[in-house]
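Results of the structural survey
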Amino acid sequence: MANPNCLVKGTEIENAKEDLRGAEKVEQYRLGKAALYLPRGFQWDYIPYKAILKAEPTHRIISAGHCVTVREEKPAVDVTTADGTITLNLEKPASMQKILDKIPVKEESK
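Predicted model, so just to flag it, every value in this text is computed and none were measured. (Residues numbered from 1 in each chain as written. Predicted model: local features only at pLDDT ≥ 70, side-chain atom pairs only at ≥ 80, totals over all residues. Heavy atoms only, no water.)

Ranked by internal contacts, the top residues of the largest apolar core, which has 18 residues, are Tyr-29, Leu-36, Val-77, Val-79, Leu-88 and Ile-99. Mapped by element, the contributors of at least two residues to this core are strand S3 (29-31), strand S4 (35-40), strand S7 (70-81) and helix H2 (93-102). It is H2 that provides the largest number of residues to this core, a total of 3 residues. (Core = buried A, V, L, I, M, F, W, Y, C linked by side-chain atoms within 4.5 Å. Buried < 20%, exposed > 50% of the residue type's maximum accessible area, 1.4 Å probe, protein only. Helix = DSSP H or I, 4+ residues; strand = E, 2+ residues; numbered from the N terminus.)

Right, here's the structure in full:
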């Protein structure tokens, strides 16, 4: 297994390979103790939890059909870092909740 690639430069974690090995599988993603892992071909990218500014539930609409249009709402999670937002597309609402529960929420100062 190759070393995972950090998507937010300057926030790399020391033992990403070991963290990935013990990570919990949630659909195509992995939730480690220190980072969220995203598949990229035969390799993995990761976002350390400490680099995540915000994680919000959202959804995407899938449209299909020509004569009779079918629209289906699918769950997703928007993960915001200093480098931008990444959308995690999911199939099950329970998976969305698992991801949101695992990502530590930073308290915003008022």
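In this section: the packing of aromatic side chains. Any two aromatic rings considered together are summarised by their centre-to-centre distance and by the angle between their planes. This model, assessed by the stated rule, comprises 1 aromatic pair. With centroids separated by 5.7 Å and ring planes inclined at 40 degrees, the aromatic side chains of Tyr-37 and Tyr-46 adopt a geometry described as tilted. (Phe/Tyr/Trp six-rings, centres within 6.5 Å; stacked < 30°, edge-to-face > 60°.)

What follows covers the sheet that holds S7. Sheet architecture is open: 3 strands sit in the order S6-S7-S8, paired in antiparallel fashion. In the strand order of this sheet, the two ends are held by strand S6 (54-64) and strand S8 (84-89), each with one partner. In this sheet, adjacent strand axes meet at a mean angle of 35 degrees when their direction is disregarded. Where S6 and S7 come together, 11 bridges link them in antiparallel fashion. (Pairing = 2+ DSSP bridges. Axes fitted to C-alpha atoms, helices over the stretch in contact; angles between N-to-C directions.)

Moving on to the environment of Asp-78. Inspection of the secondary structure assignment puts Asp-78 in strand S7. For Asp-78, a relative accessible area of 19% corresponds to the buried category. For the pair formed by Asp-78 and Cys-67, sequence separation is 11 residues and the distance between their alpha carbons is 33 Å. Contact partners of Asp-78, with chain neighbours within four places excluded, come to Lys-54, Ala-55, Glu-56, Thr-58, Thr-85, Ile-86 and Thr-87. Looking at Asp-78, its side chain comes within polar contact range of the side chain of Thr-87, at 2.7 Å. (Contact = heavy atoms within 4.5 Å. Polar contact = N/O pair within 3.5 Å; in protein donor to acceptor, adjacent residues only side chain to side chain.)

This part is about the pairing of S4. Pairing analysis gives 2 bridges linking S3 to S4, with the strands arranged antiparallel. Residue pairing for S4: Arg-30 is matched across the bridge by Tyr-37. Pairing of S4 with strand S5 (residues 43-48) involves 6 bridges; the strand directions are antiparallel. For Leu-36, the partnering residue across the bridge sits in S5 and is Ile-47. Between S4 and the antiparallel strand that follows it, S5, lie 2 residues; Gly-41 among them carries a positive phi value of about 65 degrees.

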